[in-house]
Amino acid sequence: MKRIAENLNAVRELIAGAARRSGRSPDQVRLVAVSKTHPAELIAEAYEAGQKIFGENYAQEFREKADMLPDDIEWHFVGSLQRNKVKMVVDRVTLIHSLNKLSLAQEIDKRAGAPVKALIEINIAEEGAKSGTSADRVEELIEAARDLKNIELRGLMTMPPFFDDPDKARPYFIKLRKLRDNLKARTGFALDELSMGMSGDFEAAIEEGASIVRVGTAIFGERKRNNE
Ligand SMILES: *Cc1c(COP(=O)(O)O)cnc(C)c1O
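Bear in mind that the values here come from a model prediction, so they are computed numbers and not experimental data.

Draft legend 1. Quick look at the site of the ligand. Taken together, 13 residues surround the ligand, and among them Lys36, Asn57, Ser199, Gly216 and Thr217 come closest. Between an oxygen atom of the ligand and a side-chain N or O atom of Ser199, the distance comes to 2.5 Å. Arg214 is positioned such that a nitrogen or oxygen atom in its side chain is 2.8 Å from a nitrogen atom of the ligand. The class makeup of the residues in the shell around the ligand is six nonpolar, four polar and three charged.

If you want it as structure tokens, here you go:
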């Protein structure tokens, strides 16, 4: 078996185990294969191995690859999205994970030809250098997005601080889930998706309620540093 197919099988098995430990069936957790900086050939290899959802971070790179790859790939945009790049991605993505401010939501609303599903990115540890809305301000953003007919809010996404020990990320995953539960009750929006967990901590994230995990390195191998 090829290396990427092997990696994918290993990741899928770990996802299934964690889903069962959290009392869910494995198909209740979706795997986004994060392919930033990796060439289209590697994505094609993962696709041949049955992976149909891929995540990209950079608008230009995303367009180039999407144009070379099969049409039935479900693309997710997981990177920070600048307003002037919205038009390049908006009609090709199934889910934007990184909605982080109202001006971005307004631009998506304006450029999209049909409703676009989006997750609000939360800066859960309130880290200075990280993008994302603070937990305090997210309700304001949700209320403001109520009037945007081309934005369909589906949940929350976060990237906690990096730890070698995934158990250290667990409190942030719990915090995101509680925030979601609270916002869902207060706003009435169907915030069913929780996008959390990456190569180093996706099992812990699933155990704490992730419905979508975003895994790059464990599938494709290390990225080149200067492209990060
Ligand atoms: C790169 C990236 C990932 C994947 O990270 P790995 O540690 O390689 O699994 C997940 N989410 C986002 C937002 C990313 O930018």
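Here the narrative resumes, following the displayed structure.
Draft legend 2. Fine view of the side chain of Thr158. Relative to the helices and strands, Thr158 resides in strand β6 (residues 151–158). Judged by its relative accessible area of 0%, Thr158 falls in the buried class. At 2.6 Å, the side chain of Thr158 and the backbone oxygen of Ile122 are in polar contact. Excluding anything up to four places from it in sequence, Thr158 contacts Ile122, Ile124, Leu176, Ser195, Met196 and Arg214.

Draft legend 3. Representation of the pairing of β6 within the structure. Within β6, six of the eight residues are buried, which leaves the element mostly enclosed by the surrounding structure. Where strand β5 (residues 116–122) and β6 come together, seven bridges link them in parallel fashion. Paired with Val116 across the strands is Ile151, a residue of β6. At this point the chain moves from β5, through helix α6 (residues 138–145), to the parallel β6, and the crossover so formed is right-handed. Pairing of β6 with strand β7 (residues 193–195) involves three bridges; the strand directions are parallel.

Draft legend 4. Summary view of the pattern of salt bridges. Counted according to the given criterion, the structure contains 21 salt bridges. Note that Glu107 is salt-bridged to Lys110, the shortest N-O span being 3.9 Å. Here Glu107 pairs with Lys110, and both are found in helix α5 (residues 102–111), just three residues apart, close to one helical turn. Given the relative accessible area of 13%, Glu107 is considered buried. Residue class for Lys110 comes out exposed when judged on its relative accessible area of 59%.

Draft legend 5. Looking closely at the environment of Ile108. Along the chain, Ile108 falls in helix α5. In contact with Ile108, not counting residues within four places along its chain, are Val86, Val90, Ile96, Leu99, Val116 and Ile151.

Draft legend 6. Quick look at the packing of α6 against helix α7 (residues 170–187). Interaxial distance between α6 and α7 falls to 11 Å at its minimum, and their mutual angle equals 40°. By the angle between their directions, the pair α6 and α7 is classed as oblique. Note on packing geometry: the crossing formed by α6 with α7 is right-handed. For the pair α6 and α7, the contacting residues are Val138, Glu139, Ile142 and Glu143 in the first and Leu179, Leu183, Arg186 and Thr187 in the second. Looking at the contact of α6 with α7 residue by residue, the classes come out as four nonpolar, one polar and three charged.

Draft legend 7. Geometry of the packing of aromatic side chains. Counted according to the given criterion, the structure contains four aromatic pairs. Considering the side-chain rings of Phe62 and Phe77, the 6.3 Å spacing of their centres and the 75° angle between planes classify their relative orientation as edge-to-face. Of this pair, Phe62 sits in helix α3 (residues 59–68) while Phe77 sits in strand β3 (residues 74–77), and the two are 15 residues apart along the sequence. For the pair shown, Phe62 and Phe77 are each scored as buried. Their ring planes at 15° and their centres at 6.2 Å tell us that Phe163 and Tyr172 sit as a pair that is stacked. Take Phe163: its relative accessible area is 27%, and that puts it in the partly exposed class. The side chain of Lys52 reaches across the aromatic face of Tyr47, ending 4.5 Å from its centre.

Draft legend 8. Examining the packing of helix α1 (residues 3–21) against helix α2 (residues 40–48) more closely. The contact between α1 and α2 brings their axes to 9 Å, and the two run at 55°. With respect to α2, the element α1 is oriented oblique. Judged by the sense of rotation from one axis to the other, the crossing of α1 with α2 is right-handed. Between α1, through Arg3, Ile4 and Leu8, and α2, the contact on the second element is made entirely by Leu42, Glu45 and Ala46. The residue makeup of the contact of α1 with α2, split by class, is four nonpolar, no polar and two charged.

What counts and what doesn't
Residues numbered from 1 in each chain as written. Predicted model: local features only at pLDDT ≥ 70, side-chain atom pairs only at ≥ 80, totals over all residues. Heavy atoms only, no water. Near = heavy atom within 4 Å. Polar contact = N/O pair within 3.5 Å; in protein donor to acceptor, adjacent residues only side chain to side chain. Nonpolar A, V, L, I, M, F, W, Y, C, P; charged D, E, K, R; others polar. Helix = DSSP H or I, 4+ residues; strand = E, 2+ residues; numbered from the N terminus. Buried < 20%, exposed > 50% of the residue type's maximum accessible area, 1.4 Å probe, protein only. Contact = heavy atoms within 4.5 Å. Pairing = 2+ DSSP bridges. Right-handed = clockwise from strand over helix to strand, strands pointing away. Salt bridge = Lys/Arg side-chain N within 4 Å of Asp/Glu carboxyl O. Axes fitted to C-alpha atoms, helices over the stretch in contact; angles between N-to-C directions. Parallel < 35°, antiparallel > 145°, perpendicular 65-115°, else oblique. Left-handed = near helix turned anticlockwise from the far one by under 90°. Phe/Tyr/Trp six-rings, centres within 6.5 Å; stacked < 30°, edge-to-face > 60°. Lys NZ or Arg CZ within 6 Å of the ring centre and 35° of its normal.

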